Amino acid sequence: KIGKAVDNISLTLKKNKIVALVGESGCGKSVTARSILQLVGYPGKIVSGKIIYRNKDILKLNPKEMCKIRGKEISMIFQDPMNS
């Protein structure tokens, strides 16, 4: 049986603020950020919930629409220097 990486998370962010997720190793920071950016690798997947950004559920955006947001409006600094 495959378990959940992150469950029952809720974040509310204020406009024009920079946010950092901090916590212990393995607590789900990277999976949470990758989920927001729709960069969860196989076999991972987002199975429920919604991510509201500018009054839209970005989980419903197609890849082209998400590309316009990713990096420009919502970004992640990866731990691995090769990905940074």
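Heads up: these notes are all about the structure in this document. As the structure is a computational prediction, the values presented were derived from the model and not from experiment. (Residues numbered from 1 in each chain as written. Predicted model: local features only at pLDDT ≥ 70, side-chain atom pairs only at ≥ 80, totals over all residues. Heavy atoms only, no water.)

Looking now at the side chain of S35. You can see S35 is positioned in helix 1 (residues 29-36). One polar contact links the side chain of S35 to the main-chain carbonyl oxygen of V31, over a distance of 2.7 Å. With residues near it in sequence (within four places) discarded, S35 still touches V40, I46, I51 and L59. (Helix = DSSP H or I, 4+ residues; strand = E, 2+ residues; numbered from the N terminus. Polar contact = N/O pair within 3.5 Å; in protein donor to acceptor, adjacent residues only side chain to side chain. Contact = heavy atoms within 4.5 Å.)

Right, let's talk about unusual backbone geometry for a bit. Cis geometry is found at the peptide bond from Y42 to P43, where omega equals 10 degrees. Within the fold, P43 resides in the loop between helix 1 and strand 1 (52-53). In this model, Q38 sits at a positive phi of 55 degrees, which is unusual for a non-glycine residue. As for its position among the elements, Q38 is in the loop between helix 1 and strand 1. Notably, N55 is not glycine yet its phi reads approximately 65 degrees, a positive angle. Mapped onto the fold, N55 is located in the loop between strand 1 and strand 2 (56-57). Classification of N55 as exposed rests on a relative accessible area of 78%. (Buried < 20%, exposed > 50% of the residue type's maximum accessible area, 1.4 Å probe, protein only.)

Structurally, Q79 can be placed in the segment after helix 2 (63-69). Of the residues examined, Q79 reaches a relative accessible area of 72% and is grouped as exposed. Separated by 17 residues in sequence, Q79 and N62 have C-alpha atoms that sit 27 Å apart.

Here the focus is the layout of surface pockets. In this structure, the second largest pocket encloses a volume near 180 Å³. Y53, R54, K56, L61, E65, K68, I69 and E73 together form the lining of the second largest pocket. Among the elements that line the lining of the second largest pocket, the one with the most residues is helix 2, at 3 residues. Each residue belonging to the lining of the second largest pocket can be placed in one class, and the counts come to 3 nonpolar, no polar and 5 charged. (1 Å grid on protein atoms, 1.4 Å probe; cavity = no way out; pocket = protein on both sides within 12 Å on 5 of 7 lines; lining within 4 Å. Points joined across faces, edges and corners; volume = space filled by probe spheres on them. Nonpolar A, V, L, I, M, F, W, Y, C, P; charged D, E, K, R; others polar.)

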